[in-house]
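Summary of the model geometry
What follows is the residue order along each chain.
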Amino acid sequence: MAARTVVIASTARTGLAKSFRGGFNKTHGAAMLGHAIEHAVQRAKIEPSEVDDVIAGCGFGEGATGMNIGRNAALWAGLPASTSGATINRFCASGLQAVASAAGHVASGFADVSIGAGVESISMVQPVVAKTTVPEKRLLKTFPALWMPMIETADILAKRYDVSREDCDAYALECQKRTAHAQSSGYYEHEIVPMDTIMTVKDKEKGTSEDIKYTVSKDECNRPSTTLESLQGLQPVRGEDDPHATVTAGNASQLSDGAAACVVMDGELASKRGVQPLGIFKGYAVAGCAPDEMGIGPVHAVPKLLSRSGLTVDDIDLWEINEAFACVPLYAMRELGIDPQKANVNGGSIAIGHPFGMTGARQVGHILLEGQRRQAKHVVVTMCIGGGMGAAGLFEVCL
């Protein structure tokens, strides 16, 4: 059976809320992701019963995002029991992997309609993970960086490949500016679906807390008032351990909670239904690298992707390079020869946050909508991945 054309029929996501202090600090992962799936299905104008499978990416699929969150979120969204669900983990590329896996199922004929999605509840899961992580003795000797904090790997990248603190801070400032402009211009409004929640608010002075009704209606993590001076005044997170450390709270991605979903369909079926797709899935590639410099992953994954697709860097009109840390896109753009004016044009994770498993799915939806606005053709989503990997996805924008 010949591979079919696979389209992204729709996208929907929550706003991004600050972990621990934001609107999703008491919201179960199944509810966040279910909300995104429900509205993605509505936007695609298909029946819930037509969805064969939901593939959900989650960086830490346990606790409030455990018990096969893909299946549970599908049911929360109102999809019938006949719709299946699975959860996959490729850390920060989990959401992009979910979209690619869903596309693979459709292309091969295993499904006609699938959903690629991502979710992360850092608020509800990280406190559990911090207490339950168990290293494996043999790997701890041979690949100790598998358990190295991501901030440390970023400091290693910056030192090893000569990415300066000054450049990281300048990049972070530009990210905040681009995000502020995108928000004020309404560029994110077509992807975000407001969600009513219950948020726990703590009063540090009184030592009390209360639950209040709250609506997450936008991305809440960015700081439009950021200045270069304020960024330069921040101390490196690991400054006491490493005099060469460059990562600060201002030039790294923010911890946040959220979910995103994309409806993935057979192109012929979409055409018959009169669905106006956002884009066409064209390819996906992953690559490995040393765990202690995981941030260089995109530099390995992107060339594989482009080589298989017969394209060059110059053929790509827009790039989403996940801003796990500022040094990651800075190094990727330098090594791959990417025009900074084509990358992260509306800001990224440094400003709006990075719910690990959700980000890739969010980036797919956003780059296709932005691609339509800019009349782009080829667009790429790429990111580094904990453990020493990179992933990259290629899409063609439908105009």
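These remarks concern the structure in this document. Just so you know, these numbers come straight off a predicted model, no measurement behind them. Per chain, residue numbering runs from 1 following the sequence as it is written. It should be noted that, the model being predicted, local features are given only for residues of pLDDT at least 70 and side-chain atom pairs only at 80 or more, the latter also being counted only at that level, while totals for whole chains, interfaces and linings use all residues. Heavy atoms from the whole structure form the basis of all side-chain values; hydrogens and water molecules are not counted.

1. Some points on the pattern of salt bridges
When a carboxyl oxygen of Asp or Glu is within 4 Å of a side-chain nitrogen of Lys or Arg, the pair counts as a salt bridge. Under the definition given, this model contains 18 salt bridges. For Asp266, the salt bridge goes to Arg4, with nearest N and O atoms at 3.8 Å. Taken together, the residues Asp266 in strand β8 (residues 256-266) and Arg4 in the segment before β1 (6-13) connect sequence positions 262 residues apart. For each residue, the accessible area found with a 1.4 Å probe, counting protein chains only, is set against the maximum for its type, and the residue is called buried under 20%, exposed over 50%, and partly exposed in between. Note on Asp266: relative accessible area 8%, which makes it buried. Between Asp242 and Arg238 there is a salt bridge whose closest N-O contact spans 3.5 Å. Comparing Asp242 with Arg238 shows no difference in burial state: the two are buried. Connected through salt bridges with shared partners, the residues Glu152, Asp155, Arg238 and Asp242 form a single ionic network. Only DSSP runs of H or I covering at least 4 residues are called helices, and only runs of E covering at least 2 are called strands; the numbering of each starts at the N terminus.

2. Notes on the side chain of Thr382
The topology assignment puts Thr382 in strand β11 (residues 378-385). A distance of 2.7 Å separates a polar side-chain atom of Thr382 from the backbone oxygen of Ala391. Each residue touching Thr382, except ones within four places of it in the same chain, is listed here: Pro298, Val302, Glu320, Ile321, Asn322, Gln363, Ala391 and Ala392. Whenever a nitrogen or oxygen atom comes within 3.5 Å of another N or O atom, the pair is scored as a polar contact, on the condition that within protein one atom can donate a hydrogen and the other can accept it, and that pairs from neighbouring residues in sequence are kept only if both atoms are in side chains. When checking whether two residues touch, look at their non-hydrogen atoms; a contact exists if any pair is within 4.5 Å.

3. Let's talk about the side chain of Thr83
Secondary-structure assignment places Thr83 in the loop between α2 (69-76) and β4 (84-88). Given the relative accessible area of 0%, Thr83 is considered buried. Every residue in contact with Thr83, bar those within four places of it in the chain, is listed here: Pro48, Val51, Asp52, Asp53, Val54 and Arg71.

4. Remarks on helix α7 (residues 165-184)
Multiplying 1.5 Å by the helix residue count minus one yields the expected span of that helix. Taking 1.5 Å per residue as the helical rise, α7 with its 20 residues ought to reach 28 Å, and the 29 Å between its terminal C-alpha atoms agrees with that figure. Looking only at α7, the buried set comprises Arg165, Cys168, Asp169, Tyr171, Ala172, Leu173, Cys175, Gln176, Arg178, Thr179 and Ala182. Buried residues belonging to α7 abut α8 (228-232), α11 (327-336) and α12 (349-352).

5. Topic: the packing of aromatic side chains
Each pair of aromatic rings taken from Phe, Tyr and Trp, with Trp reduced to its six-membered ring, is defined by centres within 6.5 Å and is described as stacked if the planes are under 30 degrees apart, edge-to-face if over 60, and tilted in the remaining cases. Tallied over the entire structure, the rule returns 4 aromatic pairs. Ring centres 5.8 Å apart and planes at 45 degrees place the aromatic pair Phe60 and Phe91 in the tilted group. With Phe60 in the loop between β3 (53-57) and α2 and Phe91 in the loop between β4 and α3 (94-108), this residue pair connects regions lying 31 residues apart in the sequence. Of the residues examined, Phe91 reaches a relative accessible area of 33% and is grouped as partly exposed. Among the aromatic residues, those joined into a cluster by ring pairs are Phe60, Phe91 and Phe356.

6. Focus: the nonpolar core
Note that soluble globular proteins tend to have their nonpolar side chains buried in a common cluster. For this analysis, a nonpolar core means a set of buried residues of the types Ala, Val, Leu, Ile, Met, Phe, Trp, Tyr and Cys, connected via side-chain atoms within 4.5 Å. Counting 83 residues, the largest nonpolar core has Trp319, Phe325, Cys327, Leu368 and Phe395 as its most contacted members. Take this core: its biggest share by element is 8 residues, from α3. The next biggest cluster of nonpolar side chains, apart from the first, holds 40 residues, and it includes Val113, Met195, Val263 and Ala270.

7. Observations regarding the environment of Glu370
Among the structural elements, Glu370 can be located in helix α13 (residues 359-374). Judged by its relative accessible area of 3%, Glu370 falls in the buried class. Once the C-alpha coordinates of Glu370 and Val119 are considered, the two residues, 251 residues apart in sequence, prove to be 22 Å apart. A polar atom in the side chain of Glu370 sits 2.7 Å from the side chain of Arg373.

8. Here we look at the environment of Phe24
Here Phe24 lies in the loop between β2 (17-18) and α1 (29-44). The class of Phe24 is buried, set by a relative accessible area of 0%. Sequence spacing of Phe24 and Lys206 is 182 residues, and the spatial spacing of their C-alpha atoms is 23 Å. Sequence-distant contacts of Phe24, that is, excluding residues within four places in its chain, are made with Thr14, Gly15, Ala17, Met32, Ser123, Met195, Thr197, Val216 and Asp257.

9. Some details on the pairing of strand β5 (residues 113-120)
The buried count for β5 comes to 8 of 8 residues, which makes it a mostly enclosed element. Direction of pairing for β3 relative to β5: parallel, over a ladder of 5 bridges. Residue pairing across strands places Gly57 opposite Gly118, the latter belonging to β5. For two strands to pair, DSSP has to find at least two bridges joining them. Here β5 runs beside β8; their pairing, made up of 8 bridges, is antiparallel. Bridging across to β8, Ile115 finds its partner in Val263.

10. Some details on the packing of α1 against α2
Every angle, taken between N-to-C directions, lies between 0 and 180 degrees, and every axis is a line fitted to C-alpha atoms, over only the stretch in contact when it is a helix. Packing of α1 against α2 leaves a shortest axis separation of 7 Å and a crossing angle of 60 degrees. When the axis of α1 is compared with that of α2, the two are oblique. In this structure, α1 meets α2 at a crossing whose hand is right-handed. Across the interface between the two elements, Gly29, Ala30, Ala31, Leu33, Gly34, His35, Ile37 and Glu38 of α1 pack against Ile69, Asn72, Ala73, Ala74 and Trp76 of α2. These descriptions rest on fixed angle ranges, namely under 35 degrees for roughly parallel, over 145 for roughly antiparallel, 65 to 115 for roughly perpendicular, and the rest for oblique. Put simply, a crossing is left-handed when the front helix is turned counterclockwise from the back one by less than a right angle, and right-handed when it is turned clockwise.

Fair warning: the whole summary comes from geometry, so function is off the table for now.
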